[in-house]
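Structural overview for review
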Amino acid sequence: MEKKLLTYAGLQKLEAELQDLKVVKRKEVAQKIKEAREQGDLSENAEYDAAKDEQRDIEARIEEIEAILKNVEVVVEEEVDLDKISVGCKVKIYDCEFDEELEYYIVGSTEANSLEGKISNESPVGRALIGAKVGETIKVETQAGELEYKVLDIQRVA
């Protein structure tokens, strides 16, 4: 199994979620199941079915997080080489087609969230940016066609 890259912040977020699922959510769903059982006939008890579904989802997410954490490589942002783009960098690029500046935080696939400007090192744009230096122009093949970006700045995440 290939290693999953995570920033330190991403690691902390996953560990906190795992702790919450194990300590808080498990207890909450166990209480819901207990209350639903006390209502009697389980064959037509929607609350019981919903609670059991929620319990299954929680256990699946716990397994997923534990699998990620077993096979993780943490990127220490303070040690990131700012000569070229790598996971853990914040990059400012110029979109040549749309004449606009964009800012992205390059993260492992587990942390990617386009709404927060976090793009995966495995995405087409992320893959193309990895290893690029300030001043370089890169081309990215996407489903929408070829995109061209110029690297303006590479920073550590504050």
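Rules and cut-offs
- Residues numbered from 1 in each chain as written.
- Predicted model: local features only at pLDDT ≥ 70, side-chain atom pairs only at ≥ 80, totals over all residues.
- Heavy atoms only, no water.
- pLDDT = per-residue confidence, 0-100.
- Helix = DSSP H or I, 4+ residues; strand = E, 2+ residues; numbered from the N terminus.
- Core = buried A, V, L, I, M, F, W, Y, C linked by side-chain atoms within 4.5 Å.
- Buried < 20%, exposed > 50% of the residue type's maximum accessible area, 1.4 Å probe, protein only.
- Contact = heavy atoms within 4.5 Å.
- Disulfide = S-S within 2.5 Å.
- 1 Å grid on protein atoms, 1.4 Å probe; cavity = no way out; pocket = protein on both sides within 12 Å on 5 of 7 lines; lining within 4 Å.
- Points joined across faces, edges and corners; volume = space filled by probe spheres on them.
- Nonpolar A, V, L, I, M, F, W, Y, C, P; charged D, E, K, R; others polar.

The next thing to look at is the confidence of the model for the protein chain. When the pLDDT values of the protein chain are averaged, the result is 90; 99% of them are 70 or greater. Ranking the elements of the protein chain by mean pLDDT puts strand β1 (residues 4-7) last with 87 and strand β5 (residues 118-120) first with 95.

Moving on: the nonpolar core. Taken as a class, soluble globular proteins show a tendency for nonpolar side chains to be buried jointly. Judged by nonpolar contacts, the single largest core of 20 residues is most densely connected at Ile85, Val91, Ile93, Ile106, Leu129, Tyr149 and Val151. Elements represented by at least two residues in this core include exactly β3 (89-95), β4 (100-107), α3 (124-129), β6 (137-142) and β7 (145-156). Here this core takes four residues from β7, the largest share from any one element. Ignoring sequence-local partners within four residues, the contact set of Ile93 consists of Glu100, Glu101, Leu102, Tyr104, Leu129, Tyr149, Lys150, Val151 and Leu152. Membership of the second largest hydrophobic core comes to 14 residues, among which are Leu6, Ala36, Ile62 and Ile68.

In this structure the tally under the stated criterion is zero disulfides. Looking at the unpaired Cys89, the closest cysteine sulfur is the one in Cys96, lying at 20 Å.

This part is about the layout of surface pockets. Considering only enclosed or pocket space, the largest pocket measures out at about 170 Å³ in volume. In terms of lining, the largest pocket is formed by Leu6, Gly10, Lys13, Leu14, Glu17, Arg61, Thr110, Glu111, Ala112, Asn113, Glu116 and Lys118. No other element matches the four residues that helix α1 (residues 8-37) contributes to the lining of the largest pocket. Counted by class, the lining of the largest pocket contains three nonpolar, three polar and six charged residues.

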